[in-house]
Amino acid sequence: MIVYFNEQFMDKEKVCISPDDRGFLFADGLYEVIRSYKGSLFRAKEHLNRLSYGAVHLKLGRTDFSELEEIAGELIVRNGLESKDATIYFQVTRGAAKRSHAFPHPLPSPTIYAVASIFDPGPAGKKREKGIHIITIADTRWARCDLKTTALTPNILANQVAVENGAQEAIFIRDGVMLEGTHSNFMAVFDNVLVTAPLSNYILGGITRKFIFELCARENISVEERPIFEKDIHMATEMMIVGTTTEVTSIVRMNDIIFRDGRPGPVARALQEAYTSEIKIIKNLHANK
Ligand code: PDD
């Protein structure tokens, strides 16, 4: 497998990351996951803009990562993934330097790693058609969930609780509000309106979330960005998660409550169809290039 590491393409086995790397020592870094549909990158610029946003807030000393789009394309070709569905994972850390909490002086160059892999839908993705089971869990994350940092311990622990309970995703609750999943945004339908948490420091501004808003405009589905209180969720007619790897996945069970007789609802199904047709167009455009 050919990966990208600090300005070079190389065999994955040849990558040598310093034990002083602040990504390893402090999880002092950012990541992105971009989908590639038959060689065509989906919304790469938006993902890389989010990486820049994170880099500004983490004061990484470098904010322009636009070259990673071309690098992603090169990784797809070098790994023979042009006709497949794939994900490209990027990680940028503050670099390697003697361990100290404050930024090292002088600032090291950020460590940049990128890898393209054949897409594995994961447990939630595999259940996309049938709908998934979620649990709710207290949000123990920090107050900058808008930054896609690699410090994912609370997300990992929460997702593990989900798995141990036979669920595919855990939805974080803070102050009674259902915010988002461990690796997805959360949406629910109330009175035919698709509702999701407003952008804030408590959720990640999902690229898929924004894409879903565009699909809703086309499909005449009304959208409202407002807090969803857990105490009101029994009034929802549908729930779903959205994200790069989960696309639109309906929720059919929350904790011990089976929802909608365990069947995905019409809004989720309409959005899945709209999503799939848009991806088909992207794949065809790319194939005819
Ligand atoms: N996760 N919220 C969280 C906490 C996430 O980690 C993600 C994505 C999302 C959805 O964002 P987007 O639509 O831009 O993928 C929301 C990625 C896929 C991951 O951790 O693998």
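Residues numbered from 1 in each chain as written. Predicted model: local features only at pLDDT ≥ 70, side-chain atom pairs only at ≥ 80, totals over all residues. Heavy atoms only, no water.

## Let's talk about the sheet that holds strand β2 (residues 8–11)
Argument step 1. The six strands lie next to each other as β2-β1-β6-β5-β3-β4, forming an open sheet whose pairing is antiparallel. In this open sheet, the two edge strands, each paired with only one partner strand, are β2 and β4 (40–41).
Argument step 2. Strand direction decides the pairing type here: strand β1 (residues 2–5) and β2, joined by four bridges, are antiparallel. When the bridges of β2 are listed, phenylalanine 5 appears paired with glutamine 8.
Argument step 3. Packed onto the sheet, helix α7 (residues 266–287) meets β3 (29–37), β4 and β5 (85–93) and runs at close to 80° relative to β3. (Pairing = 2+ DSSP bridges. Helix = DSSP H or I, 4+ residues; strand = E, 2+ residues; numbered from the N terminus. Contact = heavy atoms within 4.5 Å. Axes fitted to C-alpha atoms, helices over the stretch in contact; angles between N-to-C directions.)

## Considering the side chain of serine 250
Argument step 1. Tracing the chain through its elements places serine 250 in strand β14 (residues 247–254).
Argument step 2. Judged by relative accessible area, serine 250 falls into the buried class, the value being 2%.
Argument step 3. With residues near it in sequence (within four places) discarded, serine 250 still touches Arg128, Gly131, Ile132, Met239, Met240, Pro264, Gly265, Ala268 and Gln272. (Buried < 20%, exposed > 50% of the residue type's maximum accessible area, 1.4 Å probe, protein only.)

## What to know about the domain arrangement of the chain
Accessible area lost during the coming together of the parts is what is often quoted as the interface size.
Argument step 1. Each assigned domain of the chain is listed here: domain 1 (2–119) and domain 2 (124–280).
Argument step 2. The C-alpha-based centres of domain 1 and domain 2 are spaced at 26 Å.
Argument step 3. Every contact between the two is made by 22 residues of domain 1 and, on the other side, 20 residues of domain 2.
Argument step 4. Across the interface of domain 1 and domain 2, roughly 1900 Å² is buried in total on both sides, 61% from carbon and sulfur atoms.
Argument step 5. In this structure, the connection of domain 1 to domain 2 is made through three salt bridges.
Argument step 6. In this structure, the salt-bridge partner of glutamate 46 is lysine 210, at a minimum N-O distance of 3.4 Å.
Argument step 7. Remark: the boundary between domain 1 and domain 2 carries 11 residue pairs in polar contact (both at pLDDT 80 or more).
Argument step 8. Contributing elements (two or more residues each) for the side of domain 1 that touches domain 2: β3, α2 (44–58) and β5.
Argument step 9. Looking at the side of domain 1 that touches domain 2 residue by residue, the classes come out as 11 nonpolar, six polar and five charged. (Domains from an automatic or database assignment. Buried area = accessible area lost by both parts, 1.4 Å probe. Salt bridge = Lys/Arg side-chain N within 4 Å of Asp/Glu carboxyl O. Polar contact = N/O pair within 3.5 Å; in protein donor to acceptor, adjacent residues only side chain to side chain. Nonpolar A, V, L, I, M, F, W, Y, C, P; charged D, E, K, R; others polar.)

## Focus on the environment of histidine 101
Argument step 1. Considering the arrangement of structural elements, one finds histidine 101 in the loop between β5 and β6 (111–118).
Argument step 2. For the pair histidine 101 and aspartate 28, spaced 73 residues apart in sequence, the C-alpha to C-alpha distance is 10.0 Å.
Argument step 3. Aside from chain neighbours lying at most four places away, what touches histidine 101 is Arg22 and Phe26.

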